[in-house]
Amino acid sequence: MGKPVRGKYFYRIPGPPPLGLFCLKGKTMSSQGCSNRVYGKMASHTRHMDDLPTLAAYMLGLLRKSAGVHPVPVTARFTIRCVGRYLELYVLGLPSHYLFAQPGQYSSAAELLRSTLEDFMREFNWLNPDDALDTRFLFTVTLIDEKYQRLQRIEPDRVMIAEVQD
């Protein structure tokens, strides 16, 4: 995760420009002093969680309780991987016949699940319409079939922390 420096959190952002250090405008994750930000309804409730692994663990606990509640299948298990300021939500335990309508195309049930989980992630986030990089975190939601889960050895019910590569 980011390294605290004088009350600020800095992150290394991978990918195309801007590269290098990024500062959340002097705000810690618990700050809500930016008037342009739009906050998800859980952002205020979790504002005291100053790092993403702590937030991810809290989110994982809520996700565990959602298994079996529509549209989340009872077999669904979750893992969240923290990479810098990115949260990667993996949904495991889904059979291929549930995931795919045909090869390479998600089923309507899988699309609904992915969309619902993206909405869930947004509830904990903030964004600034005037500054696309001013967010609490960036995220992805990936639905993984059983075969790929075994090949990649992804274990359910974990918060994984990965170091950001320079």
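For clarity, every value in this text was computed on a predicted model and none was experimentally measured.

The rules behind these values
Residues numbered from 1 in each chain as written. Predicted model: local features only at pLDDT ≥ 70, side-chain atom pairs only at ≥ 80, totals over all residues. Heavy atoms only, no water. Pairing = 2+ DSSP bridges. Helix = DSSP H or I, 4+ residues; strand = E, 2+ residues; numbered from the N terminus. Axes fitted to C-alpha atoms, helices over the stretch in contact; angles between N-to-C directions. Salt bridge = Lys/Arg side-chain N within 4 Å of Asp/Glu carboxyl O. Buried < 20%, exposed > 50% of the residue type's maximum accessible area, 1.4 Å probe, protein only. Phe/Tyr/Trp six-rings, centres within 6.5 Å; stacked < 30°, edge-to-face > 60°. Left-handed = near helix turned anticlockwise from the far one by under 90°. Contact = heavy atoms within 4.5 Å. Nonpolar A, V, L, I, M, F, W, Y, C, P; charged D, E, K, R; others polar.

Points about the sheet that holds strand 10 (residues 131-135)
If you trace the three strands from one edge of the open sheet to the other, you get 4-9-10, paired in antiparallel fashion. The sheet terminates laterally at strand 4 (38-39) and strand 10, the two strands that pair on one side only. Bridge analysis of strand 9 (residues 126-128) against strand 10 gives two bridges, and the strand direction is antiparallel. Along strand 10, the bridge assignment pairs Leu 127 with Thr 135.

Description of the sheet that holds strand 11 (residues 138-145)
The strand order 11-6-5-12 describes an open sheet built from four strands, whose pairing is mixed. One side of each edge strand has no neighbouring strand; the edge strands of this open sheet are strand 11 and strand 12 (158-162). Averaged over all pairs of adjacent strands, the angle between their axes in this sheet comes to 20°, without regard to strand direction. In terms of strand pairing, strand 5 (residues 77-83) meets strand 6 (residues 86-94) through seven bridges, oriented antiparallel. In the sheet register, Cys 82 faces strand 6, and the bridge partner there is Leu 87.

A closer look at the pattern of salt bridges
Following the criterion strictly, the structure yields eight salt bridges and no others. Put simply, Asp 119 and Arg 122 hold a salt bridge, and the shortest N to O gap is 2.9 Å. Taken together, the positions of Asp 119 and Arg 122, both in helix 3 (residues 108-122) and three residues apart, correspond to about one turn of that helix. The residue Glu 155 makes a salt bridge to Arg 158 at a minimum N-O spacing of 2.8 Å. In this structure Arg 158 comes out as partly exposed when scored by relative accessible area, which is 39%. Each of Glu 111, Arg 114, Glu 118, Asp 119 and Arg 122 takes part in a single network of salt bridges with overlapping partners.

So, the packing of aromatic side chains
Throughout the structure, instances matching the rule amount to five aromatic pairs. Summarising the aromatic geometry, the rings of Tyr 58 and Phe 124 are spaced 6.3 Å apart at their centres and angled 70° between planes, so their arrangement reads as edge-to-face. Here Tyr 58 is found in helix 1 (residues 52-66), whereas its partner Phe 124 is found in the loop between helix 3 and strand 9, with 66 residues between them in sequence. With a relative accessible area of 26%, Tyr 58 lands in the partly exposed category. Ring geometry for Phe 137 and Phe 139: centres 6.2 Å apart, planes at 65°, overall edge-to-face. Residue classification places Phe 139 among the partly exposed positions, given a relative accessible area of 22%.

Digging into the packing of helix 1 against helix 3
The relative placement of two packed helices is expressed as an angle between their axes plus a distance between the axes. At a minimum axis distance of 12 Å, the contact between helix 1 and helix 3 shows a crossing angle of 140°. Between helix 1 and helix 3 lies a crossing whose hand is right-handed. In this structure, helix 1 contributes Met 59, Leu 62 and Leu 63 to the contact, and helix 3 contributes Leu 117, Phe 120 and Met 121. The residue inventory of the contact of helix 1 with helix 3, partitioned by class, reads six nonpolar, no polar and no charged.

Things to note about unusual backbone geometry
Residues His 70 and Pro 71 are joined by a peptide bond in cis, for which omega reads 10°. Not every positive phi belongs to a glycine, and Asp 157 is a case in point at roughly 60°. With respect to the helices and strands, the residue Asp 157 is situated in the loop between helix 4 (146-152) and strand 12.

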